[in-house]
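Remarks on the overall topology
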Amino acid sequence: MWIPETKLEAKMVEAMQRREAEGCTIKSFNSLILKFPKIDENLRKCKDIFEEFDEDSNDTIDQEELRKCFQKLGISFTEEDINDLFEACDINDDMVINFNEFIVLLCIVYLLKDDPASLHAKSRMGLPNLEATFETLVDAFVFLDKNKDGYVSKNETVQAINESGERSSGRIAMKRFEEMDWDKNGTVNFKEFLFAFTRWVGIDDDNEGIDDDKEDDEEEDED
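Residues numbered from 1 in each chain as written. Predicted model: local features only at pLDDT ≥ 70, side-chain atom pairs only at ≥ 80, totals over all residues. Heavy atoms only, no water.

Within this structure, the stated rule accounts for 13 aromatic pairs. Taking 5.5 Å as the distance between ring centres and 55° as the angle between the ring planes, the aromatic pair formed by Phe193 and Phe197 counts as tilted. Placement of the pair is Phe193 and Phe197 together in helix α11 (residues 190-201), with a separation of four residues, close to one helical turn. Residue classification places Phe193 among the buried positions, given a relative accessible area of 0%. Judged by relative accessible area, Phe197 falls into the buried class, the value being 1%. (Phe/Tyr/Trp six-rings, centres within 6.5 Å; stacked < 30°, edge-to-face > 60°. Helix = DSSP H or I, 4+ residues; strand = E, 2+ residues; numbered from the N terminus. Buried < 20%, exposed > 50% of the residue type's maximum accessible area, 1.4 Å probe, protein only.)

Here is the structure:
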């Protein structure tokens, strides 16, 4: 059992385990890849929300702007929760949230609000068109987390991607896991997964990971 490093991580693990108990609609990693273009399109719609709350138009959101964002969206988090969330999503420690980090932050908020005591709060997020996309991202993590402990291991990633039956799936699985496991501790939490996923689907026009896999497949075919 991996011990959560922060209170926020512990909350994410608990929320994910509740979600995992409901089952998963994703049946293969390939079926998830087919959803990438639509997920990319929907996540880019967060840009309007991001720009609305970026009051000084500097392409980042600071903590005060984030508090106002939460108030406008009807998200009732404590001051401690907001600070923890901001710190967790400020991946480059520059004291502001950029667009990619904002997407991750909103999806974590969506997961944490998936609590039996606050289900009614989901509809108050003001993001009805994005909820289906956030739900797909949660479902994708559920699909990878085979033992339902709230974390994804290297073996689970290999198992999930090997189910595709492709010859190069093992190598792709290792690459995917390395992209997710940012802190190199051997497990991936939901936050790490989300940051990797935004790159996979092409946010910021960064399709490097997907293109590399295509090149790997072509090389494999040539062999």
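Next, the rest of the story.
With that settled, consider the environment of Gly202. Relative to the helices and strands, Gly202 is located in the loop between α11 and α12 (208-222). The class of Gly202 is buried, set by a relative accessible area of 2%. Note: C-alpha distance between Gly202 and Phe36 (166 residues apart in sequence) is 8.4 Å.

Mapped onto the present numbering, the UniProt feature "domain: EF-hand" (unreviewed entry) falls at residues 41-76, 77-112, 132-167 and 168-203. Here residues 41-76 runs as 64% helix and 0% strand, with 28 Å between its end C-alpha atoms. (UniProt positions renumbered as here; feature names shortened; annotations may be inferred.)

Here Asn100 shows up in helix α7 (residues 99-112). Classification of Asn100 as buried rests on a relative accessible area of 12%. Within the structure, the side chain of Asn100 is placed 3.5 Å from the side chain of Thr198, a separation counted as a polar contact. (Polar contact = N/O pair within 3.5 Å; in protein donor to acceptor, adjacent residues only side chain to side chain.)

Once that is clear, we can look at the pattern of salt bridges. Scanning the model with the defined rule gives 13 salt bridges in all. Here Lys7 makes a salt bridge to Glu80, at a shortest N to O gap of 3.2 Å. A residue pair is termed long-range when its members are at least 10 positions apart, and Lys7 in helix α1 (residues 7-20) and Glu80 in helix α6 (residues 79-89) qualify at 73 residues. One salt-bridge network, in which partners are shared between bridges, spans Arg19, Glu22, Glu135 and Asp139. (Salt bridge = Lys/Arg side-chain N within 4 Å of Asp/Glu carboxyl O.)

On to α11, then. The first and last C-alpha atoms of α11 sit 16 Å apart over twelve residues, in line with the 16 Å expected at 1.5 Å per residue. Among the twelve residues that make up α11, eleven are buried, leaving the element largely enclosed by the rest of the structure. Those residues of α11 that sit buried are Phe190, Lys191, Glu192, Phe193, Leu194, Phe195, Ala196, Phe197, Thr198, Trp200 and Val201. Among the residues of α11, the N-terminal cap falls to Asn189, whose side-chain oxygen and the backbone nitrogen of Lys191 are separated by 3.1 Å. Following α11 by one or two positions, Gly202 has its phi on the positive side, about 105°. (Expected span 1.5 Å × (residues − 1).)

Attention now moves to the packing of helix α4 (residues 46-53) against α7. For the pair α4 and α7, interaxial distance at closest approach is 10 Å and the crossing angle is 105°. Classified by the angle their axes make, α4 and α7 are roughly perpendicular. When α4 is examined against α7, the residues Cys46, Lys47, Ile49 and Phe50 are found in contact with a partner set consisting of Phe99, Phe102, Ile103 and Leu106. Its residues assigned to classes, the contact of α4 with α7 shows seven nonpolar, no polar and one charged. (Axes fitted to C-alpha atoms, helices over the stretch in contact; angles between N-to-C directions. Parallel < 35°, antiparallel > 145°, perpendicular 65-115°, else oblique. Contact = heavy atoms within 4.5 Å. Nonpolar A, V, L, I, M, F, W, Y, C, P; charged D, E, K, R; others polar.)

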